[in-house]
Structures are given as structure tokens and as C-alpha cells.
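# Geometric and topological summary
Each chain, written out:
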Amino acid sequence: MTTLLTILFDGIAYGMLLFVLACGLAVTLGLMNFVNLAHGAFAMAGGYVCALLVNQQGWPFFAALPLAFVASAAIGVVLERSLYRHLYTRSHLDQVLFSVGLVFMSVAAVDYMMGSSRIFIKLPAALEGQFDVLGIGVGRYRLMIIVICGLLTAALQLILSRTRFGSRLRASVDDPRAASGLGINVPQVFAFTFAFGCGLAGLGGALSAEILGLDPYFPLKFMIYFLIVVTVGGSSSITGPFLASLLLGIGDVAGKYYVPKMGPFVIYTIMIVILIWRPNGLFGRTAAR
């Protein structure tokens, strides 16, 4: 039972991390109907910004996290205004080809500037190690991830479902011409949403660097995980990817513990079973384009 609870805790922490990394893609794909496979590049940018500030400049870890969000969001704004905005009305194939090309460009640029070695972020002493709760080893850093990601999830769900901005975003996606006629600045809404999704990716990249490691090939290695989360959860809401992240995180950790030789395949098995049962994902719906 102790082992099971430990696996459950680690799986929830990993699932929460997957959600923060992938929820920006869920926003751009599900709410903006835009396929951005370069999402992992923004996560990598946030991770490197945090690593440079903490490891080389001596910044406190918690002070560097907001900067990772802001830096990735700023890069997202620049690219959205200069490049991405011209692809909103193009086919999904054009969007995929463009974003994949951007991934390879980012990998080459980071490899040239930062080198190909994997790096980790120096954590404060308060986040290192673990403590026991009823015989269960609770990692301090993983507990912090659960708390931060849980608060982000609740805030994101509240913003998208209960605020005026969320209503404007849905209206802009459903009928941009009608939304413009109602006085909604559609390009501005899209730019802010895209930047916010990129910022979340950067924050996730900074949080995940200590667990997953950080190197120039980060966007390629974890692109499939982002897609699995959005596909299994469904791209029409935030609730679906959140539950899918928890399910896949627990399944991945449990698979690697109980069947280590087949551990990496457990997450794909879960995906196949769910998509056979619900082809549009757990909370998906057929999207009209």
C-alpha cells in the first residue's frame, strides 16, 4: 500500500507537470483551432531562461519562474505578430509544416548558443529531499509542483469559463467577423491568448527542468507527450487535458515501476484504449472548421 501511494503521488506530480506543459497547446489548438507543434520550443525557452538566471546569475528560483513565463510570452508575442498571424486561416497542414520547421530552427539555435549537454536547475535547499507522511516519501519539489500546477489549473479554468475575456475568445474563434462587428478586437484577443499559452509553456519548462532535464532536443523529445495529452483529453476544454494528464502521469509512473521493460509503452496503450472508446477524447467534440 505504501508503494502504491508513493506511485500515486509521483504520478500526480508528473501529470500536473504534463498539464502545465501541454495546456498552452490545448488553448491554441482547442480554443484557437491552430496547430502549433512548436509549443515545446517555448517550454524550452522558459527552461533555459530560468536556468541561466538561477545557475549563472544567482537569482532565487522563485524569482526566476515569473521571468521564464514573461520571456516565453514575449517571444510568443513577437512570433505571433510577425509570423503566426498569417497562418490562422491556412490549412492545418500548413500550420503543422511551419511549426515543425520552427522546432528544428529552435533546436539548432539553442544547440549553437548553449551546447548540447543536458542541464538542470539548482534548487533551493528547502525544495530538496523529501519527508515522510504515514510512511510515504513525499518529495518537496514534487509537492510544490502539485500545489503550483493545481492553482494554475483552477485559475485557468476560471478565466476561460467565467470571465469576459473567455467569452470574447470563444466568440472570436466561433465567428471572427461577427465578433469584430460587436467591437471585439479579434487580433488582440488572439495575440494575448497565444502569448499566454506560450508563457504557460515556458513556466512548465522551467518547472520540469529539474525532473526531465533540459537540452536542445527538448521540443522533439516531448512533442508526442503534449499531443497525447491534448488528444486523449479532447481539445475543446481545459478539463479534458487536465484529467488526461493525471491519468497518463499515473499510468506512466506505474508502468515504469511494475513493468519496467514495457513501461514506456503503457502511456501509448492508455491512449489507444481511450481513443477507441471515445475517438474525440474524454471531453472532446467534433470540431467544425
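In what follows, the structure referred to is the one given above.
Now for a look at the structure at hand.

The rules behind the values
Residues numbered from 1 in each chain as written. Predicted model: local features only at pLDDT ≥ 70, side-chain atom pairs only at ≥ 80, totals over all residues. Heavy atoms only, no water. Axes fitted to C-alpha atoms, helices over the stretch in contact; angles between N-to-C directions. Helix = DSSP H or I, 4+ residues; strand = E, 2+ residues; numbered from the N terminus. Parallel < 35°, antiparallel > 145°, perpendicular 65-115°, else oblique. Left-handed = near helix turned anticlockwise from the far one by under 90°. Contact = heavy atoms within 4.5 Å. Nonpolar A, V, L, I, M, F, W, Y, C, P; charged D, E, K, R; others polar. Buried < 20%, exposed > 50% of the residue type's maximum accessible area, 1.4 Å probe, protein only. Expected span 1.5 Å × (residues − 1). Bend = angle between axes of the 7 residues up to and from the residue. Core = buried A, V, L, I, M, F, W, Y, C linked by side-chain atoms within 4.5 Å. Salt bridge = Lys/Arg side-chain N within 4 Å of Asp/Glu carboxyl O.

### Here's the deal with the packing of helix α2 (residues 39-56) against helix α8 (residues 186-212)
- Contact geometry for α2 and α8: axes closest at 6 Å, N-to-C directions at 55°. As judged from the angle between their axes, α2 and α8 are oblique. Crossing hand, α2 versus α8: right-handed. Of α8, the residues touching α2 (which contributes H39, F42, A43, G46, G47 and C50) are F194, G197, C198, A201, G202, G205 and A206.
- In terms of residue class, the contact of α2 with α8 is made up of 7 nonpolar, 6 polar and no charged.

### Section: the environment of G183
- Checked against the element boundaries, G183 lands in the loop between α7 (176-181) and α8.
- What makes G183 exposed here is its relative accessible area of 65%.
- Sequence separation between G183 and R168 is 15 residues; the distance between their C-alpha atoms is 10.0 Å.

### Some points on helix α9 (residues 218-233)
- Taking 1.5 Å per residue as the helical rise, α9 with its 16 residues ought to reach 22 Å, and the 22 Å between its terminal C-alpha atoms agrees with that figure.
- Its maximal kink placed at I224, α9 deviates by approximately 30°.
- Along α9, the residues classified as buried are F218, P219, F222, M223, Y225, F226, I228, V229, V230, V232 and G233.
- A positive backbone phi angle near 95° is found at G234, which sits one or two residues after α9.

### Notes on the nonpolar core
- Residues C50, F61 and F218 are the most contacted members of the largest nonpolar core, which totals 88 residues.
- Per-element tally for this core: the top contributor is helix α1 (residues 2-31), with 15 residues.
- C50 has contacts with F61, A64, L65, A68, I121 and A206, leaving out every residue within four places of it along the chain.

### Focus: the pattern of salt bridges
- Tallying each qualifying case throughout the model produces 6 salt bridges.
- Two residues, R81 and E80, come together in a salt bridge whose shortest N-O distance is 2.6 Å.
- Taking the relative accessible area as the measure of exposure, R81 reaches 30% and is therefore partly exposed.

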